[in-house]
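Here's the letter readout for the chains.
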Amino acid sequence: MDAAAIRTALQDRRDELTAELATLTKVTRDPSATIGFGKRVGEGTNEAISRIERVGQADALTTTLADVDRALDKLDEDTYGVCDRCGAVIPPERLEARPWTGLCVACASAG
């Protein structure tokens, strides 16, 4: 396991997530952009639904970003590859698929 390569991959992923979040959460200052919740599905309702979906996407990206930051911290602490919950070694295959994971498969499945 090459710590430098892992760190680079995690930092690249962090940069991607940060850029995605910035785009997703950019506030438009269009005074004509109003949201209506009338009885008919119209443009305002569609915009409201779109904004709700973007909030969900932003939440998911924020969670992944926190996982990436945690993985970077674990590299610094020399605990990368160790499950945060049970202390077991996380299989290399799992770390290859999700380098930011902090949980082994069993703990991740347990919720």
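Counting restarts for each chain, with residues numbered from 1 along the sequence as it is written. In keeping with the model being predicted, local features are shown solely for residues with a pLDDT of at least 70 and side-chain atom pairs are shown and tallied solely at 80 or more, while totals for entire chains, interfaces and linings include all residues. As a rule here, side-chain values come from all non-hydrogen atoms in the structure, and water together with hydrogens is ignored.

K.L.:
Would you explain the overall build of the chain in this entry?
P.N.:
A run of H or I in DSSP becomes a helix once it reaches four residues, and a run of E becomes a strand once it reaches two; helices and strands are each numbered from the N terminus. Regarding its fold elements, the chain presents four helices and zero strands. Residue exposure (1.4 Å probe, protein chains only): buried if accessible area is under 20% of the type maximum, exposed if over 50%, otherwise partly exposed. Each of the 111 residues in the chain was classed as buried or not, and the buried ones make up 26%. Two residues qualify as a contact provided that any one of their heavy atoms is within 4.5 Å of a heavy atom in the partner residue. Put simply, 49% of the contacts in the chain that link residues at least 6 apart link residues at least 24 apart. Put simply, the chain shows about 7,700 Å² of open surface, and 54% of that area lies on carbon and sulfur atoms. Residue exposure ignores everything except the shown protein chains as possible cover, and the areas themselves are Shrake-Rupley values with a 1.4 Å probe.

K.L.:
Even after reading the chapter, I still don't get the side chain of Arg94, so can you show me in this structure?
P.N.:
As for its placement among the helices and strands, Arg94 is situated in helix α3 (residues 92-97). Among the polar contacts made by the side chain of Arg94, one reaches the side chain of Thr101 at a distance of 3.1 Å. Aside from chain neighbours lying at most four places away, what touches Arg94 is Thr101, Leu103, Cys104, Val105 and Ala108. Two N or O atoms form a polar contact when they lie within 3.5 Å of each other; inside protein one atom must be a possible hydrogen donor and the other a possible acceptor, and for residues adjacent in sequence the pair counts only when both atoms belong to side chains.

K.L.:
What am I meant to see in the nonpolar core here?
P.N.:
One broad trend across soluble globular proteins is that nonpolar side chains are buried collectively. Throughout, nonpolar core names a set of buried Ala, Val, Leu, Ile, Met, Phe, Trp, Tyr and Cys residues whose side chains join them through atoms within 4.5 Å. Counting 19 residues, the largest nonpolar core has Leu10, Val68, Leu75 and Tyr80 as its most contacted members. Contributing elements (two or more residues each) for this core: α1 (3-24) and α2 (43-77). Aside from chain neighbours lying at most four places away, what touches Val68 is Leu10, Arg13, Arg14, Leu17 and Trp100.

K.L.:
How should the pattern of salt bridges be read in this particular structure?
P.N.:
Side-chain pairing between opposite charges can occur once the charged atoms of the two side chains come close. By definition, a salt bridge exists where a carboxyl oxygen of Asp or Glu is found within 4 Å of a side-chain nitrogen of Lys or Arg. The full count for this structure, using the stated rule, is six salt bridges. For Arg14, the salt bridge identified is with Asp69, shortest N-O distance 2.6 Å. Here Arg14 is found in helix α1, whereas its partner Asp69 is found in helix α2, with 55 residues between them in sequence. The closest approach of N and O atoms between Glu77 and Arg70, which form a salt bridge, is 3.3 Å. The exposure class of Glu77 is partly exposed, given its relative accessible area of 47%.

K.L.:
Which parts of the structure should I look at to understand the environment of Val68?
P.N.:
Relative to the helices and strands, Val68 resides in helix α2. According to the relative accessible area criterion, Val68 is buried, its value standing at 0%. Put simply, Val68 and Asp12 are 56 residues apart on the chain and 10.0 Å apart in space, counted from C-alpha to C-alpha.

None of the figures reported here should be taken as evidence of function without further support.
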